[in-house]
Amino acid sequence: MTLKLFAAPMSSAVPVQHALAELGLDADIVQFDLASGEQKSPAYLAINPHGVVPTLVVDGTPLYEALAILQWLGDRHGVERGLWPASGTPQRLVALSWSTWAYVSYGALVSTLNFAQSPHADPRLHHAPLAADVLARLDAALGRLDAQLAKSPFLLGDDFSLADLIVASVVTYSTYCGVDAGGHANVQRWLQAFQARPAYRKVWMDEEVEAA
Ligand SMILES: N[C@@H](CCC(=O)N[C@@H](CS)C(=O)NCC(=O)O)C(=O)O
C-alpha cells in the first residue's frame, strides 16, 4: 500500500502525521506553504476539490477530512496494532462516538469561538457576548469529557488509543484558541499523558523546527 500525505506546518494535518508515527507507517509527505496558495493549484484541486490539507492519497485514491483520515487509519491499520478497537466490539462504538464528538460537536464550538474572538478572524465578526457563551459551552463539554476520563486513564480503558489521539488533538488545539482546561483534573492528566508521547513530541518538534 502506498500512502502520500499532503500536509502543512501547524495545520490540521499534524494529528494525521502523529497517527502515522504512532502506527509506524511510512508515507510520502508533501508539505505545502499555505500562505503561498499552493493548496489552490489546479493539480491539487483535482486531488482535493476543497483546496485544504490534509489529504491522504491511498494507492492513488484521495481521502480528505482529518477525522475521516484518522478513523480510516484506525480501521485499516490500528486494529492489528492494538491502537483501535475491532469492528463489532462495543469499544469501537465508544471510539467512533468520542472521536466524532471531538471534531464535529466540540469542533463546531471552537470554530464559533474563533470567529467571535480570534485575532486571525475578521474583527467585524468579533462578538464578546457570543465568545463568552461559547466558552461556557466548551467548559461544560470538557466537564463531560472529564467525567468519562474519571472512569479510566484513557477513553477506551487502561491503554492509549487513536481515540485519545483524535480527541486530545482537538482539545489541545482549543486551548491555543483560548479554552481553559485547567479546571478539569482528569482532562489535564490525560492531556499531559498525550503530549508526553514520543510520537507527539517528535511530530511537534519537527513542526517547530520547520516554523522557525
Ligand atoms: N475540515 C477540514 C479542515 C481542513 C482545513 O481547513 N485545513 C486548513 C489548514 S488547518 C487549510 O488547508 N487551509 C488552507 C486554505 O483554506 O486555503 C479537515 O478537518 O480536514
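Just so it is clear, the model here is predicted, and its values are computed rather than measured. Sequence order as written defines residue numbering, which begins from 1 separately in each chain. The predicted origin of the model limits local features to residues at a pLDDT of at least 70 and limits the giving and counting of side-chain atom pairs to 80 or more, whereas totals for whole chains, interfaces and linings rest on all residues. Values shown for side chains rest on all heavy atoms present in the structure; no hydrogens or waters enter the calculation.

1. Comments concerning the domain arrangement of the chain
By convention, interface size is frequently given as the accessible area that disappears when the constituent parts associate.
No. 1: Structurally, the chain comprises domain 1 (3–82) and domain 2 (90–197).
No. 2: Domain start and stop points were drawn from an automatic or database domain assignment. Here the C-alpha centroids of domain 1 and domain 2 sit 22 Å apart.
No. 3: Residue contacts are defined here by distance: any two heavy atoms, one from each residue, within 4.5 Å place the two residues in contact. Contact with domain 1, which involves 14 residues of that partner, is made by 13 residues of domain 2.
No. 4: As a working definition, buried area equals the accessible area (1.4 Å probe) given up by two parts on being put together, with both sides summed. Contact between domain 1 and domain 2 buries roughly 1000 Å² in total, counting both sides, with carbon and sulfur atoms accounting for 67%.
No. 5: Counting the surface domain 1 buries against domain 2, the share from its top three residues, Glu22, Leu67 and Gln71, is 42%.
No. 6: Criterion for a salt bridge: a side-chain nitrogen of Lys or Arg within 4 Å of a carboxyl oxygen of Asp or Glu. Connecting domain 1 to domain 2 are two salt bridges.
No. 7: In this structure, aspartate 75 and arginine 92 form a salt bridge, with 3.1 Å as the shortest nitrogen-oxygen distance.
No. 8: Any N or O atom pair separated by 3.5 Å or less is treated as a polar contact, with the protein-specific requirement of one donor-capable and one acceptor-capable atom, and with residues adjacent in sequence counted only for side-chain atom pairs. On inspection of domain 1 and its partner domain 2, the count reaches four residue pairs in polar contact (both at pLDDT 80 or more).
No. 9: Helix and strand assignments follow DSSP, with helices taken as H or I runs no shorter than four residues and strands as E runs no shorter than two, numbered in order from the N terminus. At the level of elements, α1 (14–23) and α3 (66–78) are the ones that each hand at least two residues to the side of domain 1 that touches domain 2.
No. 10: Residue contributions to the side of domain 1 that touches domain 2 peak at seven residues, all from α3.
No. 11: Here the term charged refers only to Asp, Glu, Lys and Arg, the term nonpolar to Ala, Val, Leu, Ile, Met, Phe, Trp, Tyr, Cys and Pro, and the term polar to all other amino acids, Gly among them. Looking at the side of domain 1 that touches domain 2, its residues break down into eight nonpolar, four polar and two charged.

2. Notes on helix α7 (residues 185–195)
No. 1: Here's how the labels work: a residue is buried when its accessible area is under 20% of the maximum for its type, exposed when over 50%, partly exposed in between, all with a 1.4 Å probe on protein chains only. Regarding α7, the residues found buried are Val187, Trp190, Leu191 and Phe194. Taken down its axis, α7 places every buried residue within 105° of arc, on the same side. In this structure, α7 carries Ala185 and Gln192 as exposed residues pointing more than 90 degrees from its buried face. Note that the arc is computed from the directions linking the helix axis to the C-beta atoms.

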